[in-house]
Amino acid sequence: MPRLIAHATGAALGLLILSGCTLACRSQEATTRLTFSGSALGPEADVVQRQLARFAERHPEVRVELQVTPDSADQRHQLFVQWLNAHAPTPDVLQLDVIWIAEFAAAGWILPLDGFEPGIDDFLPASVATARWRGALYAIPWFVDVGMLYWRTDLLDRAPRSLIELRQDALRVREAKSARLGLVWQGARYEGLVTVSLEHPGAFGGGILDDRGRVIVDDPAAIRALTFMANAVNVDRVVPSSALTWQEEQVRFAFQNGEAAFMRNWPYAWALLQDESRSRVARRFAVAPFPAGEGGQPAAALGGAQLAINARSAHPMLSSELVAFLTAPDQMLERARLTAQLPPRRSLYDNTELVAALPMPLEQVRPILEAAVPRPATPVYSELSEVLQVWLHRALTGQQPPAVALQQAAREMRALLVRAGLSTEGPTR
Ligand code: GLC
């Protein structure tokens, strides 16, 4: 595995140009081309362009191009896998979902960053844990995502304290016709569904893999959780069946148009929902942890993005400087202000600047952060997730009873782990 230092080229630092950006482009003068690939959901594009422009001012001989990726986590993953598997030297710096680090590190596609300056002591341990593979650090946390329950303060007096209350409130609001829909979440067959369904088993005391890496998606707690979700769609109809085709943005639109009492989504939605020119619910909502069911605890899927460096990059040192710049406190505060995405630096949470910058009240966010639950860190996470997505979706669309779907998912997931040499467990327990 190449070390960052061994890759040092002493590349000239220089002029940055954002492709398609509003910067004065100085491409003829640029001597080095650096490519950054990241997402541009909502105001993210604006923030990243501003920050790359500021980096440009410091390095006037480098040209940096922004390669925007698709919104869907799974499509982004596919694209990165194609590029890196083909040993493409670009993008130099990659915005990775927390769940891909183990896979990309194990494949040798991203550089170990243990010598990273200025260090990672300030970062939240849960985020740093997702950036490590076999003890080594492979990425620097950029922003933290946690699944949040958005609720309408004009329709309800308080956030539900249990899943039973959530269901009752959703039914009541819908019956009173104060909102057409009770609860909306990401139900399409993609990674977002796995995060929603992580919060439900969490709420009942279940999960995906246990501490020893054994598959537990067919445990009674997980079956109860999926039964709750399927009933919400097919029996109570508090969740519309159209949500089974929705990703983050369609869910946000439904809530933003005032159609739903509750929404499960990430922090980025807050900033957009408060925009009075587009949102019918501005100043009429708050966030809370997704509440506990019987036998569990409030659970918030831990997501977010980290920055990693392509192992084939021709400019590892310069890439490392860009990563250090983008993950510095000032840039994180600006991101928090413009996108409501949470910084992974601990020191910022004791800082009044974050309270001023973050569009949402920090006291509403803290209990959600405390309820954060990571997804398993394994190089075959994407394959495991794909199996789970298929069976979760079959149960939610009423094609299979939840217990049968999860038993089948568990069998396939166990077989996959055995094939990958990561487990010796048989198909059933
Ligand atoms: C968000 C999260 C990410 C998650 C994805 C699922 O982007 O940050 O961790 O995998 O949503 O849709």
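Shown above is the structure to which this text applies.
In this text, all values refer to a predicted model and were calculated from it rather than measured experimentally.

Reading guide: rules and limits
- Residues numbered from 1 in each chain as written.
- Predicted model: local features only at pLDDT ≥ 70, side-chain atom pairs only at ≥ 80, totals over all residues.
- Heavy atoms only, no water.
- Helix = DSSP H or I, 4+ residues; strand = E, 2+ residues; numbered from the N terminus.
- Contact = heavy atoms within 4.5 Å.
- Pairing = 2+ DSSP bridges.
- Axes fitted to C-alpha atoms, helices over the stretch in contact; angles between N-to-C directions.
- Near = heavy atom within 4 Å.
- Polar contact = N/O pair within 3.5 Å; in protein donor to acceptor, adjacent residues only side chain to side chain.
- Areas by Shrake-Rupley, 256 points an atom, 1.4 Å probe, with all protein chains shown as cover.
- Nonpolar A, V, L, I, M, F, W, Y, C, P; charged D, E, K, R; others polar.
- Core = buried A, V, L, I, M, F, W, Y, C linked by side-chain atoms within 4.5 Å.
- Buried < 20%, exposed > 50% of the residue type's maximum accessible area, 1.4 Å probe, protein only.
- Phe/Tyr/Trp six-rings, centres within 6.5 Å; stacked < 30°, edge-to-face > 60°.
- Lys NZ or Arg CZ within 6 Å of the ring centre and 35° of its normal.
- Expected span 1.5 Å × (residues − 1).
- Salt bridge = Lys/Arg side-chain N within 4 Å of Asp/Glu carboxyl O.

Colleague: Kindly report on the side chain of D97, identifying the contributing residues and their values.
Modeller: Within the secondary structure layout, D97 lies in strand β3 (residues 93-97). When sequence neighbours within four positions are dropped, the list of residues in contact with D97 reads A73, G304 and R375.

Colleague: Break down the sheet that holds strand β7 (residues 148-152) for me, with residues and values.
Modeller: Read from one edge to the other, the open sheet built from four strands follows the order β8-β9-β7-β10, with strand pairing classed as mixed. The open sheet has two free edges, formed respectively by β8 (181-184) and β10 (285-288), since each of these has just one partner strand. Taking each pair of neighbouring strands and ignoring which way they run, the sheet shows an average axis angle of 20°. Alignment of β7 against strand β9 (residues 260-265), held across four bridges, turns out to be antiparallel. Bridge pairing in β9 places Y150 opposite M263. Most of the contacts of helix α8 (residues 248-256) go to β9, to which it runs at about 155°, and overall it touches β7, β8, β9 and β10.

Colleague: Residues and numbers for the site of the ligand, please.
Modeller: The environment of the ligand is formed by D97, I99, D145, Y190, E191, G192, E248, W266, G303, G304 and R375. Within the side chain of E248, an N or O atom sits 2.6 Å from an oxygen atom of the ligand. Within the side chain of R375, an N or O atom sits 2.7 Å from an oxygen atom of the ligand. Surface burial for the ligand is 90%, taken as the share of its 310 Å² of free accessible area covered by protein chains. The set of elements that each furnish at least two residues to the shell around the ligand consists of α6 (191-204) and β11 (300-309). Taken together, the residues of the shell around the ligand break down into three nonpolar, three polar and five charged.

Colleague: Give a description of the nonpolar core that names residues and reports values.
Modeller: One recurring pattern in soluble globular proteins is that nonpolar side chains are buried together. Counting residues in hydrophobic clusters, the biggest one holds 145 residues, and the most contacted among them are F36 and Y150. F36 has contacts with V48, L52, V64, E65, L66, Q67, V93, W142, L307, L322 and L326, leaving out every residue within four places of it along the chain.

Colleague: Requested: an account of the pairing of β11, with residues and values cited.
Modeller: Summarising burial for β11: 10 of the 10 residues are buried, a large majority. Across the two faces of β11 the burial is the same, with A300, L302, G304, Q306 and A308 and A301, G303, A305, L307 and I309 all buried. Alignment of β3 against β11, held across five bridges, turns out to be antiparallel. Across the sheet, V93 pairs through a bridge with I309, a residue of β11. Examined bridge by bridge, strand β6 (residues 140-146) and β11 share six bridges and lie antiparallel to one another. Bridge pairing in β11 places F143 opposite A305. With two bridges connecting them, β11 and strand β12 (residues 372-373) associate as parallel partners. By the bridge assignment for β12, A301 is matched with V373.

Colleague: Before we move on, could you go through the packing of aromatic side chains and cite the residues and values that matter?
Modeller: Describing an aromatic ring pair means giving the distance of the ring centres and the angle of the ring planes. The final tally for this structure, using the stated rule, is 13 aromatic pairs. With centroids separated by 6.0 Å and ring planes inclined at 85°, the aromatic side chains of F80 and W100 adopt a geometry described as edge-to-face. One end of the pair, F80, is in helix α2 (residues 73-85); the other, W100, is in the loop between β3 and α3 (101-106), with 20 residues separating them in the sequence. The buried category is assigned to F80, whose relative accessible area is 0%. On the accessibility criterion, W100 (2% relative accessible area) is buried. Considering the side-chain rings of W100 and F104, the 6.1 Å spacing of their centres and the 20° angle between planes classify their relative orientation as stacked. Put simply, the rings of F80, W83, W100, F104 and W109 pair up and form one aromatic cluster. Here the basic side chain of R335 rests over the ring of W142, its NZ or CZ set 4.0 Å away from the ring centre.

Colleague: Please provide a residue-by-residue account of helix α14 (residues 381-396), values included.
Modeller: Helix length check: α14 (16 residues) gives 22 Å between terminal C-alpha atoms against 22 Å at 1.5 Å per residue, within 8%. Looking at the buried positions of α14, the neighbouring elements they touch are α2, α3, α6, α7 (220-234) and α15 (402-419). Just downstream of α14, G398 is the residue with a positive phi angle, here 80°.

Colleague: Describe the pattern of salt bridges, listing the residues and the values that go with them.
Modeller: The full count for this structure, using the stated rule, is 23 salt bridges. Measuring nitrogen to oxygen at the nearest pair gives 3.1 Å for the salt bridge that ties E65 to R33. Of this pair, E65 sits in strand β2 (residues 62-68) while R33 is found in strand β1 (residues 32-38), placing the two residues 32 residues apart along the sequence. For E65, a relative accessible area of 15% puts it in the buried group. Among the ionic pairs, D218 bridges to R414, the shortest N-O distance being 3.0 Å. Residue D218 is found in the loop between α6 and α7, and its partner R414 is found in helix α15; the two are separated by 196 residues along the sequence. The same class applies to D218 as to R414, namely buried.

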